[in-house]
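Chain by chain, the residues:
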Amino acid sequence: MADQDARSGEGRRPTGIPVLRWEEPPEGPVLVLLDQTRLPAEEVELVCTDAAALVEAIRSLAVRGAPLLGVAGAYGVALAAVRGFEVEEAAAALAGARPTAVNLAVGVRRAQAAHREALARTGDPGQAAAAALSAARALHREDAEASARMAGHGLALLDELLPAGGHRVLTHCNTGSLVSGGEGTAFAVALAAHRSGRLRRLWVDETRPLLQGARLTAYEAARNDMAYTLLTDNAAGSLFAAGEVDAVLIGADRIAADGSVANKVGSYPLAVLARYHHVPFIVVAPVTTVDPDTPDGASIEVEQRPGYEVTEVTAPQVPVAGAGGGIPVAPLGTQAYNPAFDVTPPELVTAIVTEEGVVSPVTNEALASLCARSRQVTIS
């Protein structure tokens, strides 16, 4: 079985380029993003001068991942305010760019509220813009702190569930520093296990149709010298059957009040496999991903992506021929079913790990209690 073996050395950030940063050149403030659609072939940056450019970057997945979308959304509101655009209009466009990812709307609302409050209090657009930017920067810092705390809680849970050590962890999509102000969510837990010498193998689902696992998670794992192996999504079942998976670690884009988890499509089949094979299925996400206003999984709006993402294959620096800019792999006119996410019911989730602690078993009451504690910490 071909794989990438672990090497000695401290873990490093997966790229020398920050995944997202605010800059103020002479021509005016901008939001600079690492273009994740170009990885792993090349590290290229996108410069957003207004909210419309950021909306396009979000929709095209140049910037992605629930926590980072929240941070980006907050900066997008600040960008509109600082450059003198209509803030309410920009906020609405940003919040609707990816409807399933609740963190995006949370980040937008936070900067928007700061802007509104400052504007009402001072009547000064400049002070209101500064307040929005301050809110975005605070969210960015908090996300990095939350990432570190989730990693600690998640590693402790793994050690509790798997006391023998030598963890073999299967993950789906991408949940590392490319989606976070810190080192990520689920990937951060695996990275903590690696750094402590307790990760035996990271199994990386390639994650069809856009290959975020193959392009991004494998990229991050390699840069952090982790022992990892890439597999096609439909090979996961054979791994479980062979007894090669000790735990599944995934992130989340929205967690409903009852504990239903929306995550990159392909997560639900892993939960079913994990339950059948008696393997822990663990979700790692910040408290901001829990949406108490969404009562259950059936109430989660699942984003439907363009069919050409399925009927074509795209890769950086490869000549294109299809209508969507990729290489056609299906007959012209083929219809495709392409939900961005699926929903895992709470009874299949062993635990939800957040920066405020672990919820297990996953129930409406336990999540409500966690969110209440989080609000008290934030207020104090």
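Before reading on, note that the structure itself is shown above.
Cut-off values and rules
Residues numbered from 1 in each chain as written. Predicted model: local features only at pLDDT ≥ 70, side-chain atom pairs only at ≥ 80, totals over all residues. Heavy atoms only, no water. Helix = DSSP H or I, 4+ residues; strand = E, 2+ residues; numbered from the N terminus. Expected span 1.5 Å × (residues − 1). Polar contact = N/O pair within 3.5 Å; in protein donor to acceptor, adjacent residues only side chain to side chain. Pairing = 2+ DSSP bridges. Axes fitted to C-alpha atoms, helices over the stretch in contact; angles between N-to-C directions. Contact = heavy atoms within 4.5 Å. Parallel < 35°, antiparallel > 145°, perpendicular 65-115°, else oblique. Nonpolar A, V, L, I, M, F, W, Y, C, P; charged D, E, K, R; others polar. Core = buried A, V, L, I, M, F, W, Y, C linked by side-chain atoms within 4.5 Å. Buried < 20%, exposed > 50% of the residue type's maximum accessible area, 1.4 Å probe, protein only. 1 Å grid on protein atoms, 1.4 Å probe; cavity = no way out; pocket = protein on both sides within 12 Å on 5 of 7 lines; lining within 4 Å. Points joined across faces, edges and corners; volume = space filled by probe spheres on them.

## Looking at helix α5 (residues 125-161)
For α5, built from 37 residues, the straight-helix expectation of 54 Å at 1.5 Å per residue is met to within 8% by its first-to-last C-alpha distance of 53 Å. The backbone nitrogen of G126 lies 2.8 Å from a side-chain oxygen of the residue at the head of α5, namely D124.

## Regarding the sheet that holds strand β2 (residues 30-34)
Read across the open sheet, the 3 strands follow the order β1-β2-β3; overall the sheet is antiparallel. Every interior strand has two partners, whereas the edge strands, β1 (20-23) and β3 (45-48), have only one. In this sheet, adjacent strand axes meet at a mean angle of 25 degrees when their direction is disregarded. Where helix α2 (residues 66-82) meets the sheet, its contacts fall on β1, β2 and β3, and the angle it forms with β1 comes to roughly 15 degrees.

## Quick notes on the packing of helix α1 (residues 51-59) against helix α3 (residues 87-95)
A pair of packed helices can be characterised by two numbers: the angle between their axes and the separation between those axes. In the contact formed by α1 and α3, the axes pass within 9 Å of each other and the chain directions differ by 5 degrees. One element, α1, and the other, α3, form an angle in the roughly parallel class. Residue-level inspection shows A51, L54, V55 and I58 of α1 in contact with α3, the latter providing A90, A93 and L94. Looking at the contact of α1 with α3, its residues break down into 7 nonpolar, no polar and no charged.

## Here's the deal with the nonpolar core
Of all hydrophobic cores here, the largest spans 44 residues; its most connected members are L20, L31 and L54. When residues of this core are traced back to their parent elements, those giving at least two are β1, β2, α1, α2, α3, α4 (102-122), α5 and α7 (212-223). Ranked by residues supplied to this core, first place goes to α2 with 11 residues. L31 has contacts with L20, R21, W22, L46, V47, C48, L54, A72, Y75 and L79, leaving out every residue within four places of it along the chain.

## A few points about unusual backbone geometry
Cis geometry is found at the peptide bond from L39 to P40, where omega equals 5 degrees. Across the junction of S360 and P361, the peptide omega takes the value 0 degrees, indicating a cis bond. Tracing the backbone shows P361 in the loop between β16 (357-359) and α11 (364-379). Not every positive phi belongs to a glycine, and C173 is a case in point at roughly 60 degrees. By the element assignment, C173 lies in the loop between β4 (167-171) and α6 (186-195). Although it is not a glycine, D225 sits at a positive phi angle of roughly 60 degrees. Note that D225 resides in the loop between α7 and β6 (228-231).

## What to know about the environment of W203
By secondary structure assignment, the location of W203 is in strand β5 (residues 199-205). Sequence separation of W203 and P295 is 92 residues, and the distance between their C-alpha atoms is 33 Å. In this structure the side chain of W203 is engaged in a polar contact, spanning 2.8 Å, whose partner is the backbone oxygen of E244.

## Some remarks on empty space enclosed by the protein
Counted by the stated rule, this structure contains 2 cavities of 30 Å³ or more. Roughly 250 Å³ of internal volume is contained in the largest cavity. Lining the largest cavity are 26 residues, and of these R64, G65, C173, N174 and D253 lie nearest its centre. Looking at the lining of the largest cavity, the elements that each hand over two or more residues are α2 and β9 (261-264). Its residues placed into classes, the lining of the largest cavity shows 12 nonpolar, 8 polar and 6 charged.

## Some remarks on the pairing of strand β7 (residues 247-250)
Where burial is concerned, the two faces of β7 agree: the one with A247 and L249 and the one with V248 and I250 are both buried. Here β4 pairs with β7 via 3 bridges, running parallel. The residue of β7 that forms the bridge with L170 is V248. For β7 and strand β10 (residues 281-284), the ladder comprises 3 bridges, and the chain directions are parallel. For I250, the partnering residue across the bridge sits in β10 and is V283.

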